[in-house]
Amino acid sequence: MGDLGLSHLWEQRLAAAVTFAVAIAIALVSYRIAMLALRRFTERTPSRADNIVVARIAAPLRWIFVAVALSMAARGIDLPAHQAALGQQIAGFVIPALVGWMVIATIRAANDIVDLRYDISVADNLKARRKRTRYAILTRIAVICVVFITLCMMLLSIPAIRAVGVTLMASAGLAGLAVGAAAQPALKNLIAGIQLAFTEPIRLDDVVIIENEWGRIEEIRLTYVVVRIWDDRRLVVPVSKFLEDSFQNWTRSNAQLLGSVFVYVDPAADVARLRTHVERLVSDNPRWDKRFWNLQVTDATADALQLRVLATAQDASIAFDLRCDIREGLMRYIATEMPEAIVRRRLLTDGFAGHTTTVPEGH
């Protein structure tokens, strides 16, 4: 009788294994057919958005097919009570995790679609930078919320600690306050990151000056911002600093910028002649955006005149190069064509009334 019972037990196990194997095979075949149908549908549409969604959900969808097939197969098998309870416990963990994975994949697919539709590599990219910044921050917030809810649902599947899961979901605000008391800086930056998504003091690819460094906003996280400095260093700044401290944003409304060049010349220099040459320098430079330029005498001392050249450009990088070009061209012109404009110091010689000696600046 014992041998018959053992044989029957092995037969049950073998039948269960075969049933589960067949269920997995059917699930994978069904998944394959569904993905082929989805990909064929997306190939017929001109938009790439549906391709992004299908690519993102492919991995979690495969395992959801397998989980559903195994759950349906388990209902048709007469398993011992302890094995059935173990299967239900595993399903209580796996199914919420798979659903959470699917939701996160969908959220990230939506963010990828925003990145696709709003290109920040174009010249006039203010709207694109605004959209991508907001969606990037909101995506991270949504992912954190989904992970939190998924963990709570997994806890709810365990009878012994179900009360803990209910408490976490019902009193998330109190839990947040308790955690905030121990981790106030992190919570402060997290709240600042949420505020940053809506107030938009900075956006992706903005040109800023912070901590006396010039750079572009490369990445915006919930708690910190990565600024790519002009020499390819990375400056990591807490989000709260952009809300509490002053900083310069050169692309807040648009990327256009007014560059300035300061040159010092002798008081006897022909400023009108220099202005004519600067006009030629600016007009012939392809970096000038044709909006505005001028040359003015902005200061005068006993030894020199301060000349300021203003010229506009499309963005900060082009404006910097334009300023360098103007400065180089103007100084070359003074050195070769107008040496009399080089700054000199005039000294009155004792005993010779009205007679002066000129000494070039720096000698």
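So, here is what we can say about the structure in this document. This is a predicted model, so every value here is computed, not measured. (Residues numbered from 1 in each chain as written. Predicted model: local features only at pLDDT ≥ 70, side-chain atom pairs only at ≥ 80, totals over all residues. Heavy atoms only, no water.)

**A look at the overall build of the protein chain**
The secondary structure content of the protein chain amounts to ten helices and ten strands. The 363 residues of the protein chain split such that 32% are buried. Long-range contacts, defined as pairs at least 24 residues apart, comprise 62% of the intrachain contacts of the protein chain with a sequence gap of at least 6. Split by element, the accessible area of the protein chain, about 21,900 Å² in all, is 62% carbon and sulfur. (Helix = DSSP H or I, 4+ residues; strand = E, 2+ residues; numbered from the N terminus. Buried < 20%, exposed > 50% of the residue type's maximum accessible area, 1.4 Å probe, protein only. Contact = heavy atoms within 4.5 Å. Areas by Shrake-Rupley, 256 points an atom, 1.4 Å probe, with all protein chains shown as cover.)

**Focus: a nonpolar patch on the surface**
Judged by side-chain polarity, Leu14, Val18, Val22 and Ile26 come together as a nonpolar surface patch covering roughly 370 Å² of accessible area. Relative to the helices and strands, Val18 is located in helix α1 (residues 2-43). Judged by relative accessible area, Val18 falls into the partly exposed class, the value being 46%. (Patch = residues over 30% accessible without salt bridge, like charges linked within 9 Å, V, L, I, M, F, W, Y side chains within 5 Å. Salt bridge = Lys/Arg side-chain N within 4 Å of Asp/Glu carboxyl O.)

**So, the sheet that holds strand β4 (residues 234-238)**
Within the open sheet, the five strands sit side by side as β4-β3-β2-β1-β5. Their pairing is antiparallel. Bordering the open sheet on either side are β4 and β5 (248-249), each of which pairs with just one other strand. In this sheet, strand β3 (residues 224-229) lies alongside strand β2 (residues 213-220) in antiparallel orientation, the contact comprising five bridges. Across the sheet, residue Gly215 finds its bridge partner in β3, namely Ile229. (Pairing = 2+ DSSP bridges.)

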